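Residue-level structural notes
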Amino acid sequence: MTTKLETKPTQPASPPKLEEKEAPKSESALKSFIAGGVGGACCVLVGHPLDLVKVRMQTGGASSSSGSVFGMLSNTLRKEGVKGLYRGVSAPLTAVSPMFAVSFWSYDIGQRMVKSYGQRGLTDDEKLVMPYTLSMTEICMAGAISAIPTTGIMAPSERIKCLLQVQANEVEKGGKARYTGMVDCAKQVLKEGGMASLYKGTVATLARDIPGTIAYFGTYEWIKKSLMKMQGIDPNKKGELSVGAVLTAGGLAGMACWTVGIPADVIKSRYQTAPEGKYGGLVDVYKALIKEEGYAGLFRGIRPALMRAFPANAACFLGMEVTRKMLGFMD
């Protein structure tokens, strides 16, 4: 007796399920904006006294330029007190927090733009399996992009700050104060020359800030990543933070920025604080400066600028990085 085996038609094997990969979340642009604002406030509070000395050296003539940085600081402290060291701080503090907020926000947007251009031609699936890391050239390009919107806030703030600081220098020599404060200064500038006068020196600000931000963000990212690798910390891993690396990289980034930008800053300060009609433009300022002081005049104020740059920008980047870490839930 034979037993029939009942056979069932075989079903074709179902294809294995492919594991779906989620697109990596990009960091919140709002988080970059808030963190940049906190960093900017830290930068101003730490660095303003030395910024005051820098502007007085650049615009106060031979007596200011011949004095030492610490001599000018102690002289200001003795004659005007701590309040004198923060003369004109209201303008940058009011503007620098939003300015740094815009700067770090636009740097974040710049990185996205550069990354999008670098990934052109790739499908969405290819973008998932091929993680994209920005090169140093692309980081510098993103830094340059960040300078453009930032100048809209920076230029009028710098104009008012420089006028108030130079006024304090004149008052110290026995002159009479023309402005009672930041708001009064802005009102008088607008009354005399309108918005064009308030934004006087915008081109010089751009000439300073575009190469400056290339050096700023490029130096920061390179040094921070190098130092974190030396410490055995993955610089690309979210949540990792080396305080020492951030402080060192931030301070050196600020010094690199000012080393590149100081010639344009000297011309900007001269142009913004000069009486109306004294110069026909930035080229006139440059020619007059070279004729009177030689090429060394382009680097007037570099000592306090560099001395200010390290602690101020170390504080800026630390404040920014800590705030970004605290706001990680916003991603």
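Every value quoted in this text rests on a predicted model; they were computed, and no experiment measured them.

**Some remarks on empty space enclosed by the protein**
Under the counting rule described, the total for this entry stands at one cavity of 30 Å³ or more. In this model, the largest cavity occupies a volume close to 500 Å³. Lining the largest cavity we find 28 residues, and of these Met99, Phe100, Met154, Arg208 and Trp258 sit closest to its centre. Among the elements of the structure, α1 (29-59), α4 (90-118), α6 (136-172), α8 (202-230), α9 (243-273) and α11 (302-326) are those that each provide at least two residues to the lining of the largest cavity. A class-by-class count of the residues in the lining of the largest cavity yields twelve nonpolar, eight polar and eight charged.

**Quick look at the packing of α4 against α6**
Where α4 meets α6, the closest approach of the two axes is 7 Å, and the angle between their N-to-C directions is 160°. Classified by the angle their axes make, α4 and α6 are roughly antiparallel. At the point where α4 passes α6, the crossing takes the right-handed sense. The residue makeup of the contact of α4 with α6, split by class, is 17 nonpolar, eight polar and two charged.

**Some details on the layout of surface pockets**
Space inside the second largest pocket adds up to approximately 530 Å³. Forming the boundary of the second largest pocket are 23 residues, of which Leu163, Val166, Thr273, Ala274 and Pro275 lie nearest the centre. Put simply, the parts of the chain that give the lining of the second largest pocket at least two residues each are α6, α7 (182-198), α9 and α10 (282-293). By residue number, the principal contributor to the lining of the second largest pocket is α6, which donates six residues. Looking at the lining of the second largest pocket residue by residue, the classes come out as eight nonpolar, five polar and ten charged.

Cut-offs and rules
- Residues numbered from 1 in each chain as written.
- Predicted model: local features only at pLDDT ≥ 70, side-chain atom pairs only at ≥ 80, totals over all residues.
- Heavy atoms only, no water.
- 1 Å grid on protein atoms, 1.4 Å probe; cavity = no way out; pocket = protein on both sides within 12 Å on 5 of 7 lines; lining within 4 Å.
- Points joined across faces, edges and corners; volume = space filled by probe spheres on them.
- Helix = DSSP H or I, 4+ residues; strand = E, 2+ residues; numbered from the N terminus.
- Nonpolar A, V, L, I, M, F, W, Y, C, P; charged D, E, K, R; others polar.
- Axes fitted to C-alpha atoms, helices over the stretch in contact; angles between N-to-C directions.
- Parallel < 35°, antiparallel > 145°, perpendicular 65-115°, else oblique.
- Left-handed = near helix turned anticlockwise from the far one by under 90°.

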